[in-house]
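Observations on the three-dimensional arrangement
The lines below spell out each chain.
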Amino acid sequence: MEDRYNASTLLDRNLDAGRGESTAAITDEGDPLSFGEMCRSACRVASRLSDLGVRRENRILMVLDDTPAFPATFLGAMRMGAVPIPTNFLARADDFSYFLDDSYATVAVVDAAFMDKLAPVLAGHPQVAVVVANGAAADGHSIDEWLEDGEDEVDPVATHPEDMAFWLYSSGSTGRPKGVVHSHTDLRFTCETYAAEILETGPDDIHFSTTKMFHAYGLGNSLSFPLWSGATAVYMTGRPTPERALAKVAEQEPTLLFSVPTLYNMMMNHAAFAATDFSSVRLGVSAAEPLPPEVWRRFHDATGVEILDGIGSTEMLHIYCSNRASHVRPGTSGGPVPGYDLEIRDEDGHRLGLGQSGELMVRGGSQFSYYWHQGAKTRSSLRGEWFASGDRYHQAEDGSFGYEGRVDDMMKVGGNWVSPIEIENRLMEHPGVREAAVVGVEVDGLMRIKAFVIAQTEPDDELPDVLRAWCKDALQRYQYPQYVEFVDDFPRTATGKIQRFKLRGVGDREEALLG
């Protein structure tokens, strides 16, 4: 490993390659942003942060949508040795207070659109300098003004590859979010592996991601991968609705489409889907939750586009197990991305063989350093070189890895382990089901299976029995939902992932049949 490396030099490689005038990004308004402009913006932010008194490894909290202010702040902070922390702008006000206290952030860069929510929090943290982006700053500093004039060239600080570079806060599905600390070399490793080996992305590609850059998945899709290859990123602000996603595909003609299963499904159910031309898209990518094989087949049949389903995590920064183009096995996560090693282990840490179910372990060069302020969780998640994913998998004879659910989501029914994913996939194949989520619930001291179902149309009284029989016809006799509840939608994370732990506490219109 070299002695010095700064992740912001992902930008410089494009200038060195003569791509300074090439388009690095297209804003939501349709305006192009060149690699040269992006580099100048990052340098200006770096110099202004220095003027504010920001020093090496000081933390910079980011509450930004996908606009040019995001790469300028993220890359500019790392360039001068500070540590940017992108956060979910949909988080609650008390979460932002926690982020500031936990990280010791000295600066908060906030999109003007979110200042109403953040103002009371920031007022309670007078030691934090506030910088407003994409709008007027009533108080404090303005990114917009910084970018109008300043230092066009700022040399990157000579950081070590293993120095702290940036943090990402986990979703916090159980307890407070965890500050996941990444080093400068981590971004580059995901580019050299997944982007280069699986996507084979290049300067002619146009990346469009419905997942935001504050998320590990979106950060690679829209920032580090395009910078690495010289490709163009398409930005979209606001909530990623199916209507707006389809409009971006039609307008910008991306070659790589990154989304999540929920939104792929919602796009297909939208009236504009049939009229949308997907001929520019050479590959789709899906992550954040397993892609049901029925969704894969429907999308492929309608568009001709293969979706590469894979699994990644905030801790590993991006996808480390993935399907490959022309070698897709719908319903699986494919195989290890080159550069990563995978093992399946039992509760005692012993490696399991083909077909045996256990926890997926992964090791690779993008692995996080530790959880900030959470030593016990760091020790329980890192086993030497390996990261314990918390996901339950089995490996098939052909080498592909099949997802069975989070370790905590597995259900033991009548002495048999049951994967919610198998039942969900089967339910999704029924024409009356738009989407399904399965959890285990305890009834009179016994574990029972409960399915939450979004129906295609208003469900009738017979549909629960029909769905049980549908599952029994294709699965083991014990793999069917004793309880069926119809809902309009599921509780989800900002990326669309279903929050099953919340479903376990939901109870409304349910039909039950035990036996």
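Please refer to the structure placed before this passage.
Residues numbered from 1 in each chain as written. Predicted model: local features only at pLDDT ≥ 70, side-chain atom pairs only at ≥ 80, totals over all residues. Heavy atoms only, no water.

Glancing now at the overall build of the chain. Within the chain, the secondary structure is distributed over 15 helices and 28 strands. Taking all 515 residues of the chain together, the buried fraction comes to 58%. Partitioning the intrachain contacts of the chain with sequence separation of at least 6 by distance along the chain shows that 65% fall at a separation of at least 24. Summing over all exposed atoms, the chain offers an accessible surface of approximately 20700 Å²; the carbon and sulfur share of this is 45%. (Helix = DSSP H or I, 4+ residues; strand = E, 2+ residues; numbered from the N terminus. Buried < 20%, exposed > 50% of the residue type's maximum accessible area, 1.4 Å probe, protein only. Contact = heavy atoms within 4.5 Å. Areas by Shrake-Rupley, 256 points an atom, 1.4 Å probe, with all protein chains shown as cover.)

We now examine the pairing of strand E12 (residues 256-259). Side chains Leu256 and Phe258 of E12 all project onto a buried face; the interleaved residues Leu257 and Ser259 project onto the opposite face, where all are buried too. Pairing of E12 with strand E13 (residues 283-286), which is carried by four bridges, proceeds in the parallel orientation. When the sheet's bridge partners are listed, phenylalanine 258 is paired in E13 with valine 285. What joins E12 to E13 is helix H10 (residues 261-268), and the crossover it makes is right-handed. (Pairing = 2+ DSSP bridges. Right-handed = clockwise from strand over helix to strand, strands pointing away.)

Two numbers describe a pair of packed helices, the interaxial angle and the distance between the axes. The contact between helix H13 (residues 420-428) and helix H14 (residues 463-474) brings their axes to 10 Å, and the two run at 115°. Regarding the angle of H13 to H14, the classification is roughly perpendicular. The interaxial crossing formed by H13 with H14 has right-handed handedness. Here H13 contributes Ile423, Arg426 and Leu427 to the contact with H14, which in turn contributes Leu467, Trp470, Cys471, Asp473 and Ala474. Residue classes in the contact of H13 with H14 are distributed as six nonpolar, no polar and two charged. (Axes fitted to C-alpha atoms, helices over the stretch in contact; angles between N-to-C directions. Parallel < 35°, antiparallel > 145°, perpendicular 65-115°, else oblique. Left-handed = near helix turned anticlockwise from the far one by under 90°. Nonpolar A, V, L, I, M, F, W, Y, C, P; charged D, E, K, R; others polar.)

In this structure the tally under the stated criterion is 22 aromatic pairs. Arranged with centres 5.2 Å apart and planes meeting at 75°, the rings of tyrosine 264 and phenylalanine 299 form a pair that is edge-to-face. Here tyrosine 264, found in helix H10, pairs with phenylalanine 299, found in helix H11 (residues 293-303); they are 35 residues apart in sequence, far enough to count as distant. Across the pair, exposure class does not vary: tyrosine 264 and phenylalanine 299 are buried alike. Geometrically, the ring pair formed by tyrosine 393 and phenylalanine 401 is edge-to-face, given 6.5 Å between the ring centres and 65° between the ring planes. We note that tyrosine 393, like phenylalanine 401, is buried. Aromatic rings pair up to connect Phe96, Tyr98, Phe99, Tyr104, Trp167, Tyr169 and Trp372 into one cluster. Taking NZ or CZ as reference, arginine 59 lies 4.8 Å from the ring centre of tryptophan 372, over its face. (Phe/Tyr/Trp six-rings, centres within 6.5 Å; stacked < 30°, edge-to-face > 60°. Lys NZ or Arg CZ within 6 Å of the ring centre and 35° of its normal.)

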